[in-house]
There are 2 protein chains.
Amino acid sequence: MTTTIEQPSRDADRTRAAILFAAQQIFAEKGFAEAGVRDITALAGVNPSLVSRYFGGKLKLFEAALDAALDPRLMTNLPKENFGKLIVARFADEDDRVSPLPMMFRAAGDSEARAITARLLRDRVFEPLQIWFGGDIAAVKAARFMMVSLGFFAYRDQLPLAEFAGPVEPSLRAWLESEFQAIVDD
Amino acid sequence: MTTTIEQPSRDADRTRAAILFAAQQIFAEKGFAEAGVRDITALAGVNPSLVSRYFGGKLKLFEAALDAALDPRLMTNLPKENFGKLIVARFADEDDRVSPLPMMFRAAGDSEARAITARLLRDRVFEPLQIWFGGDIAAVKAARFMMVSLGFFAYRDQLPLAEFAGPVEPSLRAWLESEFQAIVDD
DNA sequence: TCCTTATGTAAACACTCGTTTACTTACGTC
DNA sequence: GACGTAAGTAAACGAGTGTTTACATAAGGA
């Protein structure tokens, strides 16, 4: 006989996780303002009121979703001798993962969500990067990294030019790689 | 006797201009979504219904306000031998003018406003820059310019770090200048 | 088996916002 | 000076939103 693990039809932890997962998808796709609580809970298959009960409201849900999507190790676990090539590959090629960048850019319209974004970006990305870079100009290095990264994603996300859709143009990609490599080499 | 120019208390052109000016201020300050029609018309001192009558709605008003704020000559009228220093000075130091960048970033949350932003950015900035750069890699140069510019403004606007508030840190500024200069020199 | 509690749902609430409609008023013209 | 039209206003409309409240029900121990 096949033993199936009996799952209770009501599980708060699982419901909470389903809402958080759906929130990452919808927030990244529609942005904070246009993403409705009803959209998120419909994707999760639960009732809209559970957002308030489990997360304390839409804004807190956004904070939890963005926090879960941010992982500084995606950058700081790369070898510094090949940092440029590898970080560009990670930024430009991986589409399977929910990127936190669209979520961030499209939350810029809401002042409260923008404040949360700024805080998480500083604590979860900027500070770890600064420590990882090290040295007396670590802060400037981290700033340069943020500028190039934000510029790349803003360009891709907000300026959908036909000639730059799809894969990144080779010489542009080479320039980006050298930019990132120069940050760790300086 | 002092001759005062008699102004009629009702002037459609003046009212239209007042709404457009107020819209630039409010949109840049609050973003598209959080900027209410009532906020804009209150600043202009007119009735909210005039937005629909004179501009055809809030979205069309945003398009007109952004279009009026975009001026490619602010970049293409600079001498190429000192382009880096001068463009950074223009970006970092001028606070008196209504910058279109906050307007653009804080409209990213609304899908329709984002589409308008993308189109205007391409037609009014990217294309003129590409022509101005010239040569066979003009498109890549224009793309690099957009990335560095967007990165700088996104960093300043969305990541209000205490250590980088106020004037740009000198070595960071020098790096930005060399980045822009390299685009025209390559 | 009963009963308490956690889990989930449905519906209404309260509020905001862009827009439209009906009305008022000042200006230019005959 | 009366009148028609353009300019402006006030108020309500209608749709959408996050959240709360009241109620239903499955789970698990006594």
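Remember, it's a predicted structure, so these values are computed and weren't measured experimentally.

*Asks:* Please provide a residue-by-residue account of the overall build of chain A, values included.
*Replies:* The number of helices and strands found in chain A is 10 helices and 0 strands. Along chain A, helices (α) and strands (β) appear in the sequence α-α-α-α-α-α-α-α-α-α when read from the amino end. Taken along the three principal axes of its C-alpha coordinates, chain A extends 55 × 45 × 35 Å. When the 186 residues of chain A are sorted by exposure, 47% land in the buried category. The contacts of chain A with a sequence gap of at least 6 include a subset with a gap of at least 24, amounting to 68%. Counting only carbon and sulfur atoms, one obtains 52% of the accessible surface of chain A, whose full area is about 9200 Å². Computing the positive centroid from 22 side-chain charges and the negative centroid from 26, chain A places the two 6 Å apart.

*Asks:* Go over the side chain of Arg-144 of chain A, please, and point to the residues and values.
*Replies:* Considering the arrangement of structural elements, one finds Arg-144 of chain A in helix H9 (residues 138-158). Setting aside residues up to four positions removed in sequence, Arg-144 of chain A forms contacts with Ala-182, Ile-183 and Asp-186 of chain A together with Leu-172 and Trp-175 of chain B.

*Asks:* Outline the interface of chain A and chain B, supporting the account with residue identities and numerical values.
*Replies:* Tallying the contact residues gives 38 residues for chain A and 38 residues for chain B. Interface of chain A and chain B: buried area, both sides summed, is about 3500 Å²; carbon and sulfur atoms make up 70% of it. Ranking the residues of chain A by area buried against chain B places Met-147, Gln-158 and Trp-175 of chain A at the top, with a combined share of 19%. Between the two partners, chain A and chain B, sit 0 salt bridges. Elements with a contribution of two residues or more to the side of chain A that touches chain B: helix H1 (12-34), helix H7 (100-105), helix H8 (111-133), H9 and helix H10 (170-185) of chain A. In terms of residue count, the dominant contributor to the side of chain A that touches chain B is H9 of chain A (13 residues). Among the residues making up the side of chain A that touches chain B, the classes are represented as 23 nonpolar, 5 polar and 10 charged.

*Asks:* Report on the domain arrangement of chain A, specifying residues and quantitative values.
*Replies:* Residue and element names in this part refer to chain A. What the domain assignment lists for chain A is domain 1 (12-68) and domain 2 (71-185). Distance from the C-alpha centre of domain 1 to the C-alpha centre of domain 2: 25 Å. Facing the 12 residues of domain 1 at the interface are 15 residues of domain 2. Of the roughly 1300 Å² buried where domain 1 meets domain 2, counting both sides, 69% is carbon and sulfur surface.

*Asks:* Describe the protein's contact with DNA strand D, and please don't skip the residues or the numbers.
*Replies:* Around DNA strand D sit 21 residues, and of these Arg-10 and Lys-58 of chain A together with Thr-15, Arg-53 and Tyr-54 of chain B come closest. The sugar and phosphate moieties of DNA strand D supply 49% of its atoms located within 4 Å of the protein. A distance of 2.9 Å is found between a phosphate oxygen of DNA strand D and a backbone nitrogen or oxygen belonging to Asn-47 of chain B. Looking at the surface near DNA strand D, the elements with two or more residues in it are helix H2 (37-44) and helix H3 (49-55) of chain A together with helix H1 (12-34) and helix H3 (49-55) of chain B. Counting residues per element, the surface near DNA strand D draws most heavily on H3 of chain B, which supplies 4 residues.

*Asks:* Residues and numbers for the packing of aromatic side chains, please.
*Replies:* Residue and element names in this part refer to chain A. The full count for this structure, using the stated rule, is 26 aromatic pairs over all chains. When the ring of Phe-91 is compared with that of Phe-145, the centres are 6.4 Å apart and the planes differ by 55°; the resulting orientation is tilted. With a gap of 54 residues between them, Phe-91 in helix H6 (residues 83-93) and Phe-145 in helix H9 connect regions that are remote in the sequence. Neither Phe-91 nor Phe-145 differs from the other in exposure class; each is buried. Here the aromatic cluster, defined as three or more aromatic residues joined through ring pairs, consists of Phe-83, Phe-91, Trp-132, Phe-133, Phe-145, Phe-152, Phe-153 and Phe-180. Just above the ring of Phe-32 sits the side chain of Lys-58; from NZ or CZ to the centre is 4.5 Å.

*Asks:* With reference to specific residues and values, describe the relation of the copies chain A and chain B.
*Replies:* With an RMSD of 0.1 Å, the operation that places chain A on chain B is a rotation of 180° combined with a shift of 0.0 Å along the axis. Expressed as an axis order, the relation between the two copies is that of a two-fold axis. Within chain A, Gly-151 of chain A has its C-alpha nearest the rotation axis, a separation of 1.8 Å. Of all interface residues in chain A, 100% are interface residues in chain B too; the two copies therefore contact each other through one and the same surface.

*Asks:* Describe the protein's contact with DNA strand C, and please don't skip the residues or the numbers.
*Replies:* Arg-10, Thr-15 and Tyr-54 of chain A together with Arg-10 and Lys-58 of chain B are the nearest of the 21 residues found near DNA strand C. For DNA strand C, the backbone makes up 47% of the atoms found within 4 Å of the protein, where backbone means sugar plus phosphate. Within the side chain of Lys-58 of chain B, a nitrogen or oxygen atom sits 2.7 Å from a phosphate oxygen of DNA strand C. Elements supplying a minimum of two residues to the surface near DNA strand C: H1 and H3 of chain A together with helix H2 (37-44) and H3 of chain B. With 4 residues, H3 of chain A is the largest single contributor of residues to the surface near DNA strand C. Here the residues of the surface near DNA strand C are counted per class, giving 6 nonpolar, 8 polar and 7 charged.

*Asks:* Could you give an account of helix H8 (residues 111-133) of chain B, naming the residues involved and the relevant values?
*Replies:* Residues and elements named next belong to chain B. Compared with the 33 Å implied by 1.5 Å per residue over 23 residues, the 31 Å span of H8 between its first and last C-alpha is a close match. Where H8 bends most, at Arg-122, the angle is about 35°. Between the side-chain oxygen of the N-cap and the backbone nitrogen of Glu-112 there are 3.0 Å, and the N-cap of H8 in question is Asp-110. Two residues or fewer after H8 comes Gly-134, characterised by a positive phi angle close to 70°.

The rules we used
Residues numbered from 1 in each chain as written. Chains lettered and ligands numbered in written order. Predicted model: local features only at pLDDT ≥ 70, side-chain atom pairs only at ≥ 80, totals over all residues. Heavy atoms only, no water. Helix = DSSP H or I, 4+ residues; strand = E, 2+ residues; numbered from the N terminus. Buried < 20%, exposed > 50% of the residue type's maximum accessible area, 1.4 Å probe, protein only. Contact = heavy atoms within 4.5 Å. Areas by Shrake-Rupley, 256 points an atom, 1.4 Å probe, with all protein chains shown as cover. Lys, Arg positive; Asp, Glu negative; His and termini not counted. Charge placed at Lys NZ, Arg CZ, Asp CG, Glu CD. Buried area = accessible area lost by both parts, 1.4 Å probe. Salt bridge = Lys/Arg side-chain N within 4 Å of Asp/Glu carboxyl O. Nonpolar A, V, L, I, M, F, W, Y, C, P; charged D, E, K, R; others polar. Domains from an automatic or database assignment. Near = heavy atom within 4 Å. Polar contact = N/O pair within 3.5 Å; in protein donor to acceptor, adjacent residues only side chain to side chain. Phe/Tyr/Trp six-rings, centres within 6.5 Å; stacked < 30°, edge-to-face > 60°. Lys NZ or Arg CZ within 6 Å of the ring centre and 35° of its normal. Least-squares fit on C-alpha atoms with pLDDT ≥ 70 in both. Expected span 1.5 Å × (residues − 1). Bend = angle between axes of the 7 residues up to and from the residue.

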